[in-house]
Structure formats: C-alpha cells, structure tokens
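# Breakdown of the fold
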Amino acid sequence: MPVTAPFMKTLASSCLAGVVLAGCATTRPASSWQRTGDPIADGKAAIEHGPKRDRVLWEYRTAAAAMRRGQFAEAKQLLDDALVTFGGIYGPDKDAKRARSYFSPEARKTFMGEPYERVMAYYYRGILYWIDGELDNARACFRSAQVMDSDTENKTYSSDYVLLDYLDGLATTKLGGDGSDALKRAASEARMARPPECDPKANVLFFVECGNGPTKYATGQYAEQLRFLPGNSRVRSVRIKVDNESVRADPYDDLTFQATTRGGRVMDHILANKAVFKSATDTAGTAAIIGGAIMAGHQGHHSAADEVGVGLLAAGVISKIFSAATTPAADTRAWDNLPQYLSFAALRLSPGQHSVTVEFLDAGGNPLPGLTRAVNIQVADAPRDTVIFVSDKNQ
C-alpha cells in the first residue's frame, strides 16, 4: 500500500504533539525566600520553599553546616530525612523515572548525588550514631557508605575508602567481634597515610575533616560529560594536643580522588546513551530531509517518488524533533560544602574534663594562623566513647 503525503503529514503532526507533551511535565515552581547568609537558616528555607527535587541536596548541605556548629540533633534530623528519601528513590520515584527517559534533563530528577556524595551522607550519620553511643548503627552506616562506593551489580570494583574500612574494623572490635579483615583492607588501601593500629580501648575519638571538596561541571557537545574540578585545602594535617599527649591526624581519604575514580581507576561520567541518541537522530533527520527533498524535487508531482520524498521529509522532521527534545546534559548540582580530606585519631583518656588544643597544619607541618582551636571536653565514663568532630570550618 503506498504511503501518501497527507498520511505522513498527519504522522508528523501526531509525533510533534507527543514530544511537546512529553517535554511539558509540570513541576512545582521554586518559591523565593529571603537569604540571610546563615547556611542553616538559608538551608531550611530552601528545603521548605525550593523545588522538591532539590530537597535532599539542601538537607545534605544544611546537615554538614549543622555538624560544624555542633548542632548534632539538627544534623541527625536532616540526614535521616535525606536517607529515607534516598532509599525511596530506588523504588517507584516518578521524577527519577522521568529523568531516565530520553526527553527529560538529568537535573530534573530528585537529587541523589554522585557516589562520593552518598558516601558522605552515611559517613556523617555514622559519626552521629557513634556520638550517641550506638556503635552497631554507626558501623551499619559505614558499611552502607562502602556499598555506595562499590559496584554491587556488576562487581567491577569495590569500595576503596581507607577510613570506612578502618572505622568498620574498629567498631566491630569494640563490639567484641573480629574486625581484622576490615582493618587489613584499610591498611592495604592506604594511599596518603597509613591509619594507626586499632586500639579498642581508645575512648576519645576525633573525626577530622578539612579543605573544600570537588565541584562539578559539564563538557561535551551536548554538555553530557560530567567532570570534576579538584578540591583544595591549605590544611594538610591536624595535630591534637590533650594534656601532655599529642597525636597527629593525616589525611586518609581524598574526596577529589573518590569523585574522579572507580576502584582506583580515573574516570569521567558520560551520559553516553542520551548523547548517542541525540547525535544519531539528528544525523538521521538531516539525511532524511536532504534525501526527501532531492526525490521530491526531481520527479513529477503526485509520482511515487514524490510520495516517498515527502515521506522522507516528514520522517526527517520527526527525527529532528526527537533529537531536539533529547536532553543529555549532565546533572551538575553538587553538595558544595563537603571537605577535601578525611582523617581520624583516637586517644585513651581518663573520665572527666580535659583541655584540648587542635592545630591545623600546612604542608610544612606549621600551624596555620587563625585556625587553632582550644576547647575543654568532658570524657564520659566507660564503656561509652567520647566523640569529637573536628573541622577547619568549626564554629
């Protein structure tokens, strides 16, 4: 049966309408709010009034700010909500399904973050559980973080965070189990500094972070390649003085390295499926339009070749429409207040009050001016550990 020009015109109109409708999904408009310059107040306002798809992102950012102020109850609430939402995304999340289609931008989906960002959500929550004396839940969070950094589906690579393995082993040992395997992994994975010997009787734990973590940007013909600008840090290590004791915490993990590698191999995230689809449909559309125009222009009107030519023209237009509707651009939303380096130190101290001085050291081992902190801590009675969160952004 011959394909008629009117039929092709109708088909082209129908396809165009379908693509237009597919690209017009309604979203909740972002409400404006008054920015105060306070990261916690502004974060809460963004959570309340901003786009729903960015809620987890703002919960991440605000939780990190709350950690650095010692507002741990606030941080717990934010991270718990974010992790519950994150867990639900693996289920029937409509925005995530829409973003996985060819006709929806990656940035329209509910924010989950790259693996290193999801790792940090579980890492911070693990610290908070340890502060509350819940070592089993802390260990569960560190193990969940390891899963976020591994390829559980294809088994191509496994987690290579030194600190996650070390904390897993330390928590397991303190709980009366055998943490030797995790501790051995931590030692074998060490690239920057080797973690200390595990001391299950160390009762004062310092979780240390410093610097500014990596940020994201997009490159490629269609901005489909997600790449990372490296983080930076003037601080290269931390010296902790308590009474007459001193311990140095060197970086064990580098978030720029973690963002840009999988299993130690340097990589770039490329949304190739969408980019290839856009390129292929655009090229096919151009070829069909040119071919159709030639056939239609060189034959008499109402001839078979004319009908085929019109059909090719219509098909070419449809292909171009689909190419234009494809949005392969990478999602560059980022948890932008993460640190660059992670470290840890532990001491045995008697219960009661102790004076602590924290010095942030440069590459030469010299204290950086304006960053030294002096605080008093109250060491809890056994068996509870006293947990101190140390950041060069502590307030």
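Predicted, not measured: the structure shown is a model, and the values here were computed from it.

About the cut-offs
Residues numbered from 1 in each chain as written. Predicted model: local features only at pLDDT ≥ 70, side-chain atom pairs only at ≥ 80, totals over all residues. Heavy atoms only, no water. Helix = DSSP H or I, 4+ residues; strand = E, 2+ residues; numbered from the N terminus. Pairing = 2+ DSSP bridges. Phe/Tyr/Trp six-rings, centres within 6.5 Å; stacked < 30°, edge-to-face > 60°. Buried < 20%, exposed > 50% of the residue type's maximum accessible area, 1.4 Å probe, protein only. Axes fitted to C-alpha atoms, helices over the stretch in contact; angles between N-to-C directions. Expected span 1.5 Å × (residues − 1). Contact = heavy atoms within 4.5 Å. 1 Å grid on protein atoms, 1.4 Å probe; cavity = no way out; pocket = protein on both sides within 12 Å on 5 of 7 lines; lining within 4 Å. Points joined across faces, edges and corners; volume = space filled by probe spheres on them. Nonpolar A, V, L, I, M, F, W, Y, C, P; charged D, E, K, R; others polar. Core = buried A, V, L, I, M, F, W, Y, C linked by side-chain atoms within 4.5 Å. Salt bridge = Lys/Arg side-chain N within 4 Å of Asp/Glu carboxyl O.

For the rest of this paragraph, the subject is unusual backbone geometry. The omega angle of the peptide bond from A382 to P383 is 5°, so this bond is cis rather than trans. Looking at where P383 falls in the secondary structure, it is placed in the loop between β12 (373-379) and β13 (386-391). Positioned with a positive phi, D243 is a non-glycine residue whose angle comes to about 55°. Looking at where D243 falls in the secondary structure, it is placed in the loop between β4 (237-242) and β5 (245-249).

We now examine the sheet that holds strand β6 (residues 253-254). As a general point, the strands of a sheet are linked pairwise by backbone hydrogen bonds and lie either parallel or antiparallel. In spatial order, the strands read β6-β10-β1-β13; together these four strands make up an open sheet with mixed pairing. Because the sheet does not close on itself, it has two edges, and the strands there are β6 and β13. Bridging between β6 and strand β10 (residues 341-347) involves two bridges; their strand directions are antiparallel. In the strand pairing of β10, D254 is matched with Y341.

Under the defined criterion, the tally for this structure stands at 12 aromatic pairs. Look at Y60 and F111: their rings are 6.1 Å apart centre to centre, the planes differ by 75°, and that puts the pair in the edge-to-face class. One end of the pair, Y60, is in helix α3 (residues 55-69); the other, F111, is in the loop between α5 (94-100) and α6 (115-131), and 51 residues separate them in sequence. A relative accessible area of 0% places Y60 in the buried class. The class for F111 is buried, based on a relative accessible area of 1%. With a centroid separation of 6.3 Å and 45° between ring planes, the pair formed by Y123 and F142 is classed as tilted. One end of the pair, Y123, is in helix α6; the other, F142, is in helix α7 (residues 135-148), with 19 residues separating them in the sequence.

Let us now look at the sheet that holds β5. The strand order β5-β4-β11-β12 describes an open sheet built from four strands, whose pairing is antiparallel. This sheet does not close on itself; its edge strands, each paired only once, are β5 and β12. Adjacent strand axes in the sheet meet at a mean angle of 25° when their direction is disregarded. Pairing of strand β11 (residues 352-361) with β12 involves seven bridges; the strand directions are antiparallel. For Q353, the partnering residue across the bridge sits in β12 and is Q378.

Glancing now at helix α8 (residues 162-174). Its 13 residues place the ends of α8 18 Å apart at the C-alpha level, agreeing with the 18 Å of an ideal helix rising 1.5 Å per residue. Where α8 is concerned, the buried positions are V162, L163, L164, D165, Y166, L167, D168, G169, L170, A171 and T172. Looking at the packing, one finds that the buried side of α8 touches α6, α7, α9 (180-189), β1 (204-210), β6 and β10.

Below, the discussion takes up empty space enclosed by the protein. Counted according to the given criterion, the structure contains one cavity of 30 Å³ or more. Surrounding the largest cavity, V208, C210, S237, A249, D250, P251, Y341, L342 and S343 form its lining. When residues of the lining of the largest cavity are traced back to their parent elements, those giving at least two are β1 and β10. Looking at which element gives the most residues to the lining of the largest cavity, the answer is β10, with three residues. Its residues assigned to classes, the lining of the largest cavity comprises six nonpolar, two polar and one charged.

Glancing now at the pairing of strand β3 (residues 225-229). It is a general feature of regular strands that their side chains alternate between the two faces of the sheet. One ladder, built from five bridges, connects strand β2 (residues 215-219) with β3; its direction is antiparallel. Along β3, the bridge assignment pairs A218 with L226. Between β2 and β3, which pair antiparallel one after the other, the connecting turn spans five residues, and G220 there sits at a positive phi close to 105°.

What follows covers the nonpolar core. Ranked by internal contacts, the top residues of the largest apolar core, which has 65 residues, are Y123, Y124, W130 and F207. Top element by residues in this core is α6. It accounts for 12 residues. Not counting residues within four places of it along the chain, the set of residues in contact with Y123 comprises F142, A145, L163, L164, L167, F207, L342 and S343. Within the second largest apolar cluster, 23 residues are counted, among which are V204, V235, V242 and L349.

Turning our attention to α6. Over its 17 residues, α6 runs 25 Å from end to end, which matches the ideal 24 Å to within 8%, given 1.5 Å per residue. Of all 17 residues that make up α6, 17 are buried, and the element is covered over most of its length. In the segment just after α6, G133 is the residue with positive phi, at about 80°.

To continue, consider the environment of Y252. Note that Y252 resides in the loop between β5 and β6. The spacing of Y252 and Y161 is 91 residues in sequence and 8.1 Å in space, taken between C-alpha atoms. When near neighbours in sequence (up to four residues on either side) are disregarded, Y252 contacts V162, L163, M192, A193, R194, P195, P196, L342, S343 and F344.

Right, let's get into the pattern of salt bridges. Tallying each qualifying case throughout the model produces 21 salt bridges. Between K241 and E359 there is a salt bridge, and its shortest N-O distance comes to 3.3 Å. Note that K241 is positioned in strand β4 and E359 in strand β11, a separation of 118 residues in sequence. Residue D331 pairs with R333 through a salt bridge whose shortest N-O separation is 2.8 Å. Given a relative accessible area of 10%, D331 falls into the buried group.

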